[in-house]
Amino acid sequence: MHTILTLLLSASVSLVVGFIWYNPKVFGTIWMKESGVSEEKIKGGNMLLTMIMAFIYAFFISFVLQFLVIHQMGANSATMGIKGVDPSVLKNYMDAYGNTYRTFKHGALHGFITGLFLCLPVIGVGALFERRSWKYTLIAGGYWIITCMLMGGIICQMM
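What this report covers is the structure whose coordinates are included nearby. Keep in mind the model is a prediction, meaning the values are calculated, not measured. (Residues numbered from 1 in each chain as written. Predicted model: local features only at pLDDT ≥ 70, side-chain atom pairs only at ≥ 80, totals over all residues. Heavy atoms only, no water.)

### Digging into the overall build of the protein
Okay, so step 1: Secondary structure assignment for the protein yields 8 helices and 0 strands.
Okay, so step 2: In the protein, the succession of α and β elements from N to C terminus is α-α-α-α-α-α-α-α.
Okay, so step 3: Based on the C-alpha atoms only, the size of the protein along its principal axes is roughly 60 × 30 × 30 Å.
Okay, so step 4: Summarising the internal contacts of the protein: among those between residues at least 6 apart in sequence, 81% fall at separations of at least 24. (Helix = DSSP H or I, 4+ residues; strand = E, 2+ residues; numbered from the N terminus. Contact = heavy atoms within 4.5 Å.)

What follows is the structure, given as structure tokens:
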């Protein structure tokens, strides 16, 4: 249960950061111009459905981030289901290193790396083919870098 609550909290960060990041006083006005979206088009959509789907997608990202920001997840998965592996190997590892690198700072570092080297390139490739500007790419990519940093920090600290 603790894991699900942590992932839900982490996913909610994407909405909070989005409300700030895409506010007209921050990057919202530039983003609308660069993406070709008008206020009328935004207001004409189903905002509740948009927020629900954004939260669900953020939850998916949180789910994957736990494997990227917590080193112990890799040790656990490396020994699962392998015939002949003595279960005490994982227990000994976890006894020795179970809480190593389990800080907000460390999770934020791995979140930053994920945002910079995974999210930004994914957005960048899409932006290239959609003929969007570098401003759009940096705004959307920057949002995911900051969001992944915070999500990774929360996940690493709380799980």
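### Quick word on the packing of aromatic side chains
Okay, so step 1: Under the criterion given, the structure shown has 7 aromatic pairs.
Okay, so step 2: Ring centres 5.3 Å apart and planes at 70° place the aromatic pair Tyr-22 and Trp-31 in the edge-to-face group.
Okay, so step 3: Tyr-22 sits in the partly exposed class, given a relative accessible area of 25%.
Okay, so step 4: A centroid spacing of 5.4 Å and a plane angle of 55° characterise the contact between Tyr-22 and Tyr-143, whose relative ring orientation is tilted. With Tyr-22 in the loop between helix H1 (2-21) and helix H2 (28-35) and Tyr-143 in helix H8 (residues 134-158), the pair connects residues that are 121 residues apart, well separated along the chain.
Okay, so step 5: Relative accessible area serves as the criterion here: at 7%, Tyr-143 is assigned to the buried category.
Okay, so step 6: An aromatic cluster is defined as three or more aromatic residues linked by ring pairs; in this entry it consists of Tyr-22, Trp-31, Tyr-143 and Trp-144.
Okay, so step 7: Positioned above the aromatic ring of Tyr-136, the side-chain terminus of Arg-132 is 4.8 Å from the ring centre. (Phe/Tyr/Trp six-rings, centres within 6.5 Å; stacked < 30°, edge-to-face > 60°. Buried < 20%, exposed > 50% of the residue type's maximum accessible area, 1.4 Å probe, protein only. Lys NZ or Arg CZ within 6 Å of the ring centre and 35° of its normal.)

### Some points on H1
Every α-helical turn comprises 3.6 residues, leaving residues that sit three or four positions apart pointing alike.
Okay, so step 1: With 20 residues, H1 should cover 28 Å at 1.5 Å per step; its first-to-last C-alpha distance of 29 Å lies within 8% of that length.
Okay, so step 2: All of the buried residues along H1 are Thr-6, Leu-7, Ser-10, Ala-11, Val-13, Ser-14, Val-17, Gly-18 and Trp-21. Projected onto a plane normal to the axis of H1, the buried residues spread over an arc of 135° and lie on a single side. Turned more than 90 degrees away from the buried face of H1, the exposed residues are Phe-19 and Ile-20.
Okay, so step 3: As for H1, its buried residues are in contact with H2, helix H4 (47-69) and H8. (Expected span 1.5 Å × (residues − 1). Arc of directions from axis to C-beta.)

### Quick look at the pattern of salt bridges
Okay, so step 1: All told, the structure shown has 4 salt bridges when counted by the stated rule.
Okay, so step 2: Residue Glu-39 pairs with Lys-43 through a salt bridge whose shortest N-O separation is 3.7 Å. Of this pair, Glu-39 and Lys-43 both sit in helix H3 (residues 39-44), 4 residues apart, which is roughly one turn of the helix.
Okay, so step 3: Classification of Glu-39 by relative accessible area gives partly exposed; the value is 44%.
Okay, so step 4: Judged by relative accessible area, which is 65%, Lys-43 ranks as exposed.
Okay, so step 5: Here Lys-91 and Asp-95 are joined by a salt bridge, their closest N and O atoms 2.7 Å apart. On the criterion of helical spacing, the pair formed by Lys-91 and Asp-95 is a turn pair, its members being 4 residues apart in helix H6 (residues 87-97).
Okay, so step 6: Judged by relative accessible area, which is 53%, Asp-95 ranks as exposed. (Salt bridge = Lys/Arg side-chain N within 4 Å of Asp/Glu carboxyl O.)

### Some points on the packing of H1 against H4
Okay, so step 1: Running from N to C, H1 and H4 cross one another at 125°; their axes reach a closest spacing of 8 Å. Between H1 and H4, the angle falls in the class oblique. Judged by the sense of rotation from one axis to the other, the crossing of H1 with H4 is right-handed. Together, Thr-3, Ile-4, Leu-7, Leu-8, Ser-10, Ala-11, Ser-12, Ser-14, Leu-15 and Phe-19 of H1 and Met-51, Ala-54, Phe-55, Ala-58, Phe-59, Ser-62, Phe-63 and Gln-66 of H4 make up the contact between the two elements.
Okay, so step 2: Of the residues belonging to the contact of H1 with H4, the class tally is 12 nonpolar, 6 polar and no charged. (Axes fitted to C-alpha atoms, helices over the stretch in contact; angles between N-to-C directions. Parallel < 35°, antiparallel > 145°, perpendicular 65-115°, else oblique. Left-handed = near helix turned anticlockwise from the far one by under 90°. Nonpolar A, V, L, I, M, F, W, Y, C, P; charged D, E, K, R; others polar.)

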